[in-house]
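Analysis of the macromolecular model
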Amino acid sequence: MQRHLLAAGLLTIATPALAETPVLTVLTYDSFTSEWGPGPAIEAAFEATCACDLRFVPAGDGAALLARVQLEGAASDADVVLGLDTSLTAAASATQLFAPHGKTASTNLPVDFADPNFLPFDWGWFAFVHDKTKLPEPPKSFEALAASDLKIVIQDPRSSTPGLGLLMWVKAAYGDRAPEIWQGLADNIVTVTPGWSEAYGLFLEGEADMVLSYTTSPAYHLIAESDDTKGAALFDEGHYMQIEVAGKLASSDQPDLADQFLDFMLTEAFQSVIPQTNWMYPAVTPASGLPEGFDAFRPAKSLLLAPAQAQAARDAALAEWQAALAR
Amino acid sequence: MASRARPLNLIAPALAALLLALVLAPLAAVGWRGAGLSLGPADWAAVRFSITQALLSAVFSTALAIPVARALARRRFPGRTLLITLMGAPFLLPAVVAVLGLLAVFGRSGLLNQALIALGLPPISIYGLHGVVLAHVFLNLPLATRMILQGWLSIPSERIRLAQSLGFGPSETFRHLEGPMLREVLPGVVLVILVICLTSFAVVLTLGGGPSATTIELAIYQAVRFEFDLSRAAGLAGVQLAVGSLAALAAWLVTSPAGFGAGLGRELNLSAPEGWRRAGDIAALSAVALFLSLPLGAVLLRGLPGLSDLPAVVLPAAGRSVLVALASSSIATTAALTLALAAARRPQMLLGAAATLPLATSGLVLGTGLFLLIQPFATPMTLALPVTILVNVALSLPYLYRILLPEARAVHSDYGRLADSLAIQGWSRLRWLILPRLARPLGFGAGIAAALSMGDLGVIALFAGERQATLPLVVSQLTGAYRMEAAASAALILVTLSFALFWACDAGGRRAAA
């Protein structure tokens, strides 16, 4: 009797589970899933077409994402990982946890980008952001910045992706001269913060004249706060890019749905949400164009190390950075 | 008699073993996933810097807290209770909020530099080792003051009156009463602060000024996040634990019980010397009030404008945080009381180590290890809140233990034999002897534990799913999305709630003791 009861109990639990719509789990960074991030609008739009339940799982900041994927390994419940950037894709591919997407995407990226495992969904240029009212004539290069007595806040390349981006920027622009540039910048650096938000917070509090952020940061202040005082300094040597990508996990139990999501990612419904929630350039420019302020600071030249190259250069660049700044 | 004490004798070591397992098992799980152990010269530099800044921070916080605690113990003035309560606040601030508050006073465009420039003096920079120590003193001086003040209040008033009738001057009072009390209390205070500062991460990096200010915790971040080198992370976390254990051993060796004997628990009436000593007390109290209230005021001012326009997630997140805090605090208080009572009966290294090591553990390694341990059995996300509570219990227990231990010892040595001979054991002993005598430190400790659990960001970030975010996580998400004003307001709510919880427990304890 008891056994029958148990079986009946299990059946009642199992039946709704069988009838449930398929679940697509997307592992991403915190700010993507938040109420003010792109997550909610994208979830609604995808669920309207896929007859599925799209679940975003936040995994900390961008740098924590790959560690989380490795931590979960092949046992992961996730189907898609969204939010790695090109300085991490080489390491991500090396884990062999990702499956090739087999697609050719047509995007509006200013550089050529093709990766068998990853598709881009947005991108931006790193730049030093400043207050135009306090600093009307920002420096036009790293060398001019180093020669000035302007104070800057940067992020630590060992704990944050923008920090790593700056390391790669100097490396891509100056190659073997990078240590010299860092030595020149040493007396301009007020401090090095663990992440982007601490650095940006210090800048807004007036602790520094400039902060390492993105060319699209002033657009946030313009659109969300009607504040036109922020600018991004354009450097002659070009600006390093951050391309954010998504990939399908080889262990996914919903590979078709994951493919469908990656296709959806480059459609209007997804891309048009990006500019004013993630404050980055969408990989495919929406038909309605870009919002106000996104064209205000466009570098003439884009810099980007290929993922394998970035991976290979990282350790040496980090050592140079540490040596130059450890006074 | 020995037989009657048995249950406590078994429960406490079991608790201690559980606590040690909670610290060591995740470390082993992380180490297991890696292979080999290699720490480079940069890692050892981080170890050296971590120890240097932690030692300096602990020594300065404690040394500066002594005159403040003495002034609070022997002076009565309007606002004294408020000042003592305010002492709880800085300790409860999330690191990033505390740093921004300090920068409003000591930063490049802060109050101090504006005043210096107005006076035609050169501005000062807060960034560097001195800034790190300053921030740690701001965060920990109040805790040290409260712990030392507790020591002063535990001197039986009978001894004070005897000293007064013998005509003791300040130096004799110090030699016979205050000195022995400090010898009992100070090692624990220095230890707790040293170990907290050892694992400090965001404060050190933000105010340290550059890569020369690299701590072990940052090296662990790098190892886990960018290199996924778990063996290096485990190795670094092991070194951090070893340093913490050595500090605990040293503190255990130099602590000596003050042995004042029992009193009737009348209100303490310390003599309050006049003249320069009075001026000194006033200076110490004013300085500390100013030092604490200016950055706190800045936090308040930054948070006010955005309060009307808070995102909807803040409210449920605040509710979850309060629940986590209440659960963690009640479990931690019960556990710490058990450990402290057992340690008071018979000093044991095991108890002391188990009640200190959780502080020295790396939050990231603890979280990562628990994740690895849980993942084969359950989806970590579904256990986000229970795991957070468990970790908060482990992390707040060391404070509670240090706060309870001196008074638990005093109760045992003063009333233990009387209670034994009257056969007051078990529940009635707890109800009629221990809880009344320990009400004050229990309330203070429970408040600290609740507030710490409110502000903790450690493991929730690794475990939380979409619908489990706690308030600190929401604050960090807001700052990550340009919404600094909303973040400041959410942080203000966080601080206010932590402070309210702390105040309720602390005031409750003091009322029960009175």
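Residues numbered from 1 in each chain as written. Chains lettered and ligands numbered in written order. Predicted model: local features only at pLDDT ≥ 70, side-chain atom pairs only at ≥ 80, totals over all residues.

All names here are of chain B. Per the domain assignment, the segments of chain B are domain 1 (8-37 + 304-514) and domain 2 (54-260 + 277-302). The gap between the C-alpha centroids of domain 1 and domain 2 is 20 Å. Those elements that place two or more of their residues in the side of domain 1 that touches domain 2 are α1 (6-33), α15 (349-354), α16 (357-360), α17 (363-374), α18 (384-421), α19 (426-455), α21 (471-479) and α22 (484-513). The dominant element in the side of domain 1 that touches domain 2, judged by the number of residues it contributes, is α22, at 10 residues. Along the lines of polarity and charge, the residues of the side of domain 1 that touches domain 2 split into 32 nonpolar, 11 polar and five charged. (Domains from an automatic or database assignment. Helix = DSSP H or I, 4+ residues; strand = E, 2+ residues; numbered from the N terminus. Nonpolar A, V, L, I, M, F, W, Y, C, P; charged D, E, K, R; others polar.)

Facing the 43 residues of chain A at the interface are 45 residues of chain B. Sorting the residues of the side of chain A that touches chain B by element identifies α2 (30-33), β2 (53-58), α4 (62-72), β7 (189-193), α9 (196-204) and α14 (307-325) of chain A as the ones contributing at least two each. A per-class count over the side of chain A that touches chain B returns 19 nonpolar, 13 polar and 11 charged. (Contact = placed C-beta atoms within 7 Å.)

Residues and elements named next belong to chain B. Two elements in contact, helix α11 (residues 216-225) and helix α12 (residues 230-254), have axes whose closest approach is 8 Å; the angle formed by their N-to-C orientations is 165°. Taken together, the axes of α11 and α12 lie roughly antiparallel to each other. In terms of crossing hand, the pair formed by α11 and α12 is left-handed. Every residue of α12 that contacts α11 at I216, A219, I220, A223 and V224 is listed here: R232, A233, L236, A237, V239 and Q240. (Axes fitted to C-alpha atoms, helices over the stretch in contact; angles between N-to-C directions. Parallel < 35°, antiparallel > 145°, perpendicular 65-115°, else oblique. Left-handed = near helix turned anticlockwise from the far one by under 90°.)

Attention now moves to the environment of A:D256. Residues and elements named next belong to chain A. One can find D256 in helix α11 (residues 255-265). Judged by the 10 C-beta atoms lying within 10 Å of it, D256 is exposed. Each C-alpha atom of the pair D256 and L24 lies 9.9 Å from the other, and the pair is 232 residues apart in sequence. (Buried ≥ 20, exposed ≤ 12 C-beta atoms within 10 Å, placed from the backbone.)

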